[in-house]
Amino acid sequence: QQCLPLPRASPMPPMLVSNVPGTWAHDTMSRRVREEILQRLLEDNQAELEARGMHEALGKLHELIAELEKPQDHILRPLRDSAPDIEGWQAILDSDDVR
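In this report, we go over the structure that sits alongside the text.

Cut-offs applied
- Residues numbered from 1 in each chain as written.
- Predicted model: local features only at pLDDT ≥ 70, side-chain atom pairs only at ≥ 80, totals over all residues.
- Heavy atoms only, no water.
- Helix = DSSP H or I, 4+ residues; strand = E, 2+ residues; numbered from the N terminus.
- Buried < 20%, exposed > 50% of the residue type's maximum accessible area, 1.4 Å probe, protein only.
- Contact = heavy atoms within 4.5 Å.
- Areas by Shrake-Rupley, 256 points an atom, 1.4 Å probe, with all protein chains shown as cover.

1. Considerations on the overall build of the protein
At step 1: Secondary structure summary: the protein contains three helices and zero strands in total.
At step 2: Structurally, the protein occupies a C-alpha span of about 50 × 40 × 25 Å along its principal axes.
At step 3: Taking all 99 residues of the protein together, 15% fall into the buried category.
At step 4: Excluding contacts between residues fewer than 6 apart, the proportion of contacts in the protein whose partners are at least 24 apart in sequence is 27%.
At step 5: Carbon together with sulfur atoms contributes 56% to the accessible area of the protein, which is approximately 8,600 Å² in total.

In structure tokens form, the structure reads like this:
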């Protein structure tokens, strides 16, 4: 099933970017995702993930947390998924807007 693009409203609000200090998006991506959101996800689910033998998923989560500690040293990697909207997300990652 292919997802159709959403209709554009006019005028569009400015794009949210996470590279402008002092903005909600910057705080969320530079601090909250790593310190609060992912940390809570780990705390709430680590025992369950370990019990289910999901060590690879835990490793990837720890890898993401480490990457977010120094985001300037990492690039956005291609998505590896089979979701119906994967092509759209990959096009966004490949665009100049996120580089």
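2. Section: the environment of Met 12
At step 1: Within the element layout of this structure, Met 12 appears in the segment before α1 (24-51).
At step 2: Distance in space between the C-alpha atoms of Met 12 and Glu 35 is 31 Å, their sequence separation being 23 residues.

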